[in-house]
Structure formats: structure tokens, C-alpha cells
Amino acid sequence: MSEEHAHIVPYKTFVIVWIGLLILTGITIAVAQYDLGAMNIWVALGIATLKSGLVIAIFMHMKYESILFKLSLLSALSILAIFIGFTFLDVLYR
Amino acid sequence: MSGHVHKDYIGAKFGMWLFLFTEVLLFGGLFILYAVYLSRYPQEFISAGAQLDVRFGGGNTLVLLTSSLFVAISITALRRGSTKLCLGLLGGTIACAALFMINKFFEWSAKFSHGIYPGSEHLLEMPPGEIVFFNIYYVTTGLHGIHVIIGALILAWTMVLIMTGRVNANDWVILENAGLYWHLVDLIWIFVFPLYYLILH
């Protein structure tokens, strides 16, 4: 029915990614117990970005998709970054 | 199914991704609200965030991550011909969605009983930064909760299609797209959890 059969990801890969996500969640909770000032929010965002990267690449199969999918994801995230960046240019330097 | 039906898998998946991008921008707008008010009221955000219970947020993180694992494996299972395993995993995912909403119910009930809900007298007596925090919290987690319910309904509908053979090992794109939607629900929560529940614990 479909000619281009996408890659079948083995169960093991998913379980390893899930364990990784649990470990990263544990690290986020542990780090939040220490007062690092403004660094807390950046560490939390960094780990959340790493976790979402794992979910998008493996769970959502982005790693196995064509360049079209990857570029469109990149442009959507760029638009979001511009959205955030320009809002803060306004808010911080008003 | 007749072999003459035209199937465009790339197109179907790409359309789903385009929709997910609009969802990312929708929640992105709410995260921008959070960021702007965090920079304006850092102390109030910390004291308001401390009133959220990490156990609810953390428990729901485990539930969603595990449900995402179930959905991911269910696609591989269907394509390998293990239809029963696939249906079991999707059932497990819907159970996780129910567990998530039950958690949310108890969490919100506790907050409501303390008089913290949008427009309540107690909330309006709080400092402006805390009022903003709780209002954005209710909008973001409420909208996310609606996505959890919609995701569970879509997965239930997909299970029916698998049971009737409409979705099978050779024609699985509906399950793939339903799974993408479910992972998005998980993705949003990955950011909600640290920003709302862990902001300096």
C-alpha cells in the first residue's frame, strides 16, 4: 500500500529513551532543590529542551524523517524564537 | 481495502506536523506570558510556585512519559503484526490519560479548597505577581488538560479502527499521527513541570 516503508524503531530504543527521560526528570528535580539564583531557570529550560529533543527525535521519529520535515521543524522553532526574542526586546528595553 | 486507493504517507504525516507547529505556537504564546511576568515579578513567582505540590506535578510527569513510551512502542508493535500488544499499549495510554486527569482533579480541588482559583476573593487579595502566576497556571494547565482529554479520545478512536482492521500493519499512518498528537501533549508538559512546579521548589 505504501511504497516507502519508514524505518521500524525497535522496542529497545524506546525503552532506553524512556529511561533517559526519567533520569533527566530526576536531575531537574534534584537541581531545583539548590538555590542557584537566575541559573535555576536556565538549567531547568536546558534539561527540558534536551528531553523534548529526545521525544521529538526518537518517539516522534523525526530522526528518521526526510530533510523536508527537519527543515520545517527548524523554521517553526525559529519563528517561536523570533516571537520570544522580539517580545523581550520590547519588555526589557522599554 | 482496495489496492487502488491512493495513500500519501508523507503528506499525511507532514500535515500533522504542520498542525503541531500551530499548537507549539499556541502554547509558546502562553510560555511567553509566563516569561514576561517572571521577569517582572521574580519573587512573587517563586512564592506562588512554592504553593504548588511537586508530588502532583512530578507524578503526572512520570505518567505522561510512560504513556508516550506506550504509544511509541504500539506503532512498532502494530507494524510487526502484534495487534494485541498494540491495543494493550494504547489501552494503557488511555489509562495513563485518566490517571493524569484524576491527579489533576485532586490537585485543583486542593487549590480550590484553599480559595485559589481564577477570580476568587482570596486570590485577589494576593500580591499582583502571584495573581498573574496562578492565572497563567490555570490557563496553561487547563488548556493542556483539554489536550490530554482530546488525545485520549483520538487514541480510543484509533483503537476502534485497529480492531476493525481499518488501521493495520500495512496502513498505520492514522496511528502514527494520533501518536504524534499524544507526544505533543507530553512535550508541553515537559516544559510546564519545571516552570510551574520547580521554580525554586
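Cut-offs applied
Residues numbered from 1 in each chain as written. Chains lettered and ligands numbered in written order. Predicted model: local features only at pLDDT ≥ 70, side-chain atom pairs only at ≥ 80, totals over all residues. Heavy atoms only, no water. Helix = DSSP H or I, 4+ residues; strand = E, 2+ residues; numbered from the N terminus. Buried < 20%, exposed > 50% of the residue type's maximum accessible area, 1.4 Å probe, protein only. Areas by Shrake-Rupley, 256 points an atom, 1.4 Å probe, with all protein chains shown as cover. Rg over C-alpha atoms; globule rule 2.2 N^0.38 Å. Contact = heavy atoms within 4.5 Å. Lys, Arg positive; Asp, Glu negative; His and termini not counted. Charge placed at Lys NZ, Arg CZ, Asp CG, Glu CD. Domains from an automatic or database assignment. Buried area = accessible area lost by both parts, 1.4 Å probe. Salt bridge = Lys/Arg side-chain N within 4 Å of Asp/Glu carboxyl O. Nonpolar A, V, L, I, M, F, W, Y, C, P; charged D, E, K, R; others polar. Core = buried A, V, L, I, M, F, W, Y, C linked by side-chain atoms within 4.5 Å. 1 Å grid on protein atoms, 1.4 Å probe; cavity = no way out; pocket = protein on both sides within 12 Å on 5 of 7 lines; lining within 4 Å. Points joined across faces, edges and corners; volume = space filled by probe spheres on them.

Points about the overall build of chain B
Step number 1: Counting its secondary structure elements, chain B contains seven helices and zero strands.
Step number 2: Sequence-ordered secondary structure for chain B, helices as α and strands as β, is α-α-α-α-α-α-α.
Step number 3: Dimensions of chain B along its principal axes, counting C-alpha atoms only, are 65 × 30 × 25 Å.
Step number 4: The buried share of chain B, taken over its 201 residues, is 56%.
Step number 5: Split by element, the accessible area of chain B, about 8,100 Å² in all, is 70% carbon and sulfur.

A few points about the overall build of chain A
Step number 1: When helices and strands are tallied, chain A shows three helices and zero strands.
Step number 2: Counting from the amino terminus, helix and strand elements in chain A follow one another as α-α-α.
Step number 3: Taken over the C-alpha trace, chain A has a radius of gyration of 18 Å; the compact-globule value for 94 residues is 12 Å, which it surpasses by more than 25%.
Step number 4: Taken over the C-alpha atoms alone, chain A extends approximately 55 × 35 × 15 Å along its principal axes.
Step number 5: For chain A, the proportion of its 94 residues judged to be buried stands at 32%.
Step number 6: Taking as baseline every contact in chain A between residues at least 6 positions apart, the subset at least 24 positions apart corresponds to 53%.
Step number 7: Accessible area of chain A: about 5,600 Å², with a carbon and sulfur share of 76%.
Step number 8: Taking the average location of the 5 positive side-chain charges in chain A and that of its 5 negative ones, the two points are 9 Å from each other.

As for the domain arrangement of chain A
Step number 1: When cut into domains, chain A gives domain 1 (1-60) and domain 2 (66-94).
Step number 2: For domain 1 of chain A versus domain 2 of chain A, the separation of C-alpha centres amounts to 21 Å.

Structural notes on the interface of chain B and chain A
Step number 1: Contacts between chain B and chain A engage 52 residues on the former and 49 residues on the latter.
Step number 2: In this assembly, chain B packs against chain A so that about 4,600 Å² is buried in total across both faces, 78% of it on carbon and sulfur atoms.
Step number 3: Applying the counting criterion to the chain B and chain A interface returns one salt bridge.
Step number 4: As a salt-bridge pair, Glu65 of chain A and Lys13 of chain B come within 3.1 Å of each other at their nearest N and O atoms.
Step number 5: For the side of chain B that touches chain A, the secondary structure elements donating two or more residues are α1 (9-40), α3 (54-79) and α7 (173-197) of chain B.
Step number 6: Broken down by element, the side of chain B that touches chain A gets its largest block of residues, 17 residues, from α1 of chain B.
Step number 7: For the side of chain B that touches chain A, the class distribution of residues is 33 nonpolar, twelve polar and seven charged.

Things to note about the nonpolar core
Step number 1: Among the nonpolar cores identified, the biggest contains 83 residues, and Trp17, Phe134 and Tyr196 of chain B are the most heavily contacted of them.
Step number 2: Take this core: its biggest share by element is 17 residues, from α7 of chain B.
Step number 3: Taken domain by domain, this core gets at least three of its residues from each of domain 1 (1-60) and domain 2 (66-94) of chain A.
Step number 4: Apart from the residues lying within four places of it in its own chain, the contact partners of Trp17 of chain B are Ile56, Met60, Met62, Phe69 and Leu73 of chain A together with Leu180 of chain B.

Re the pattern of salt bridges
All names here are of chain B.
Step number 1: One pass over the full model with this rule turns up four salt bridges over all chains.
Step number 2: Notably, a salt bridge pairs Arg55 with Asp53, separated by 2.9 Å at the nearest N-O pair.
Step number 3: Here Asp53 falls in the partly exposed class, since its relative accessible area comes to 23%.
Step number 4: Close ionic contact of Arg166 with Asp171 constitutes a salt bridge, the shortest N to O distance being 3.4 Å.
Step number 5: Here Arg166 falls in the partly exposed class, since its relative accessible area comes to 28%.

Some points on the layout of surface pockets
Taking a probe equal in size to a water molecule and rolling it over the atoms shows the remaining empty space.
Step number 1: In this model, the largest pocket occupies a volume close to 1,400 Å³.
Step number 2: Considering the residues around the largest pocket, the lining is formed by 46 residues, among which Leu45 and Ile84 of chain A together with Phe31, Phe191 and Leu195 of chain B are closest to the centre.
Step number 3: Taken together, the elements giving at least two residues each to the lining of the largest pocket come down to α1 (11-31), α2 (39-59) and α3 (67-92) of chain A together with α1, α2 (42-49) and α7 of chain B.
Step number 4: For the lining of the largest pocket, the element with the highest residue contribution is α1 of chain B, accounting for twelve residues.
Step number 5: In the lining of the largest pocket, the residues fall into 37 nonpolar, eight polar and one charged.

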